[in-house]
Amino acid sequence: IVGCQSTVIPNSVTKIGRNAFSSCTYLTELTFPDSITEIPGYIFEECVALNKVTIPNSITYIGEEAFYSCTNLTSLTLPNSIVEIDSRAFLSCSNLTDINLPNSIVRIGSYAFQGVGFSEIVIPHLVTEIEDGLFWMCTNLKKITLPDSITKIGERTFYNCGLNEITIPSYV
């Protein structure tokens, strides 16, 4: 889809393949239909102009490296239907400063937020494990709120973070 800037996927589409929009350097906006239940891996890999994605309540899963290196993405609203964010989903989204994590999320994969630009994050209460490298190189990250449900914190989770404040449950 060379030169495409804005895309609305019709409701007749029920599945989108991996890398579908990968390296579409002019793509700035995309709206998913209610007929889609997952955002596949690598779908927006290196879509450097992407700045708006509309995600409906039908989406339950965000795939591996789905938004890898979407450096123009600054804000993302995730619906309450999201259950899983896979590994490296937002890798190198350095200008992503505003993302909500709905309480429906059960799993956030390793390195999912590596190099993301947010300064504060609240982990939903259904998440029980902070996987390896989750906040690796999040140099703007100052505050993390972990729920009491956390039982494990993986390796290199806070490597090279700018943390000022974190509360870790005593039984971790």
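Residues numbered from 1 in each chain as written. Predicted model: local features only at pLDDT ≥ 70, side-chain atom pairs only at ≥ 80, totals over all residues. Heavy atoms only, no water.

**A few points about the overall build of the protein chain**
Link 1 in the chain: Each helix and strand in the protein chain was counted, giving 0 helices and 14 strands.
Link 2 in the chain: Counting helices and strands in the order they occur from the N terminus, the protein chain gives β-β-β-β-β-β-β-β-β-β-β-β-β-β.
Link 3 in the chain: Relative to the globule expectation of 16 Å for 172 residues, the C-alpha radius of gyration of the protein chain, 16 Å, shows essentially globular dimensions.
Link 4 in the chain: The buried share of the protein chain, taken over its 172 residues, is 48%.
Link 5 in the chain: In the protein chain, of all internal contacts separated by at least 6 residues, the share reaching a separation of at least 24 is 20%.
Link 6 in the chain: Total accessible area computed for the protein chain in this model is approximately 7800 Å², and 47% of it derives from carbon and sulfur atoms.
Link 7 in the chain: For the protein chain, the distance from the average site of its 9 positive side-chain charges to the average site of its 17 negative ones is 2 Å. (Helix = DSSP H or I, 4+ residues; strand = E, 2+ residues; numbered from the N terminus. Rg over C-alpha atoms; globule rule 2.2 N^0.38 Å. Buried < 20%, exposed > 50% of the residue type's maximum accessible area, 1.4 Å probe, protein only. Contact = heavy atoms within 4.5 Å. Areas by Shrake-Rupley, 256 points an atom, 1.4 Å probe, with all protein chains shown as cover. Lys, Arg positive; Asp, Glu negative; His and termini not counted. Charge placed at Lys NZ, Arg CZ, Asp CG, Glu CD.)

**Observations regarding a nonpolar patch on the surface**
Link 1 in the chain: Side chains of Ile166, Ile168, Tyr171 and Val172 sit close together on the surface and give an oily, nonpolar patch of about 340 Å² of accessible area.
Link 2 in the chain: Using a relative accessible area of 30% as the deciding quantity, one classes Ile166 as partly exposed. (Patch = residues over 30% accessible without salt bridge, like charges linked within 9 Å, V, L, I, M, F, W, Y side chains within 5 Å. Salt bridge = Lys/Arg side-chain N within 4 Å of Asp/Glu carboxyl O.)

**Focus: the sheet that holds strand β10 (residues 120–122)**
Within a sheet, each strand pairs with its neighbour through backbone hydrogen bonds, oriented either parallel or antiparallel.
Link 1 in the chain: Taken together, 3 strands build an open sheet; the order of strands is β10-β12-β14 and the sheet is parallel. This sheet does not close on itself; its edge strands, each paired only once, are β10 and β14 (165–167). Averaged over all adjacent pairs, the angle separating strand axes in this sheet is 10 degrees, with direction ignored.
Link 2 in the chain: When strand β12 (residues 143–145) meets β14, the two strands line up parallel, connected through 3 bridges. Bridged to Lys143 within β14 is Glu165. (Pairing = 2+ DSSP bridges. Axes fitted to C-alpha atoms, helices over the stretch in contact; angles between N-to-C directions.)

**Points about the sheet that holds strand β1 (residues 6–8)**
Link 1 in the chain: What the 3 strands build is an open sheet, ordered β1-β2-β4; its pairing is parallel. Either end of the sheet is taken by a strand with one partner, and the two such strands are β1 and β4 (52–54). Direction aside, the axes of adjacent strands within the sheet are offset by 0 degrees on average.
Link 2 in the chain: Where strand β2 (residues 29–31) meets β4, 3 bridges bridge the pair, whose relative direction is parallel. Opposite Thr31, over in β4, you have Thr54 as the bridge partner.

This is a description of form; function is not addressed.
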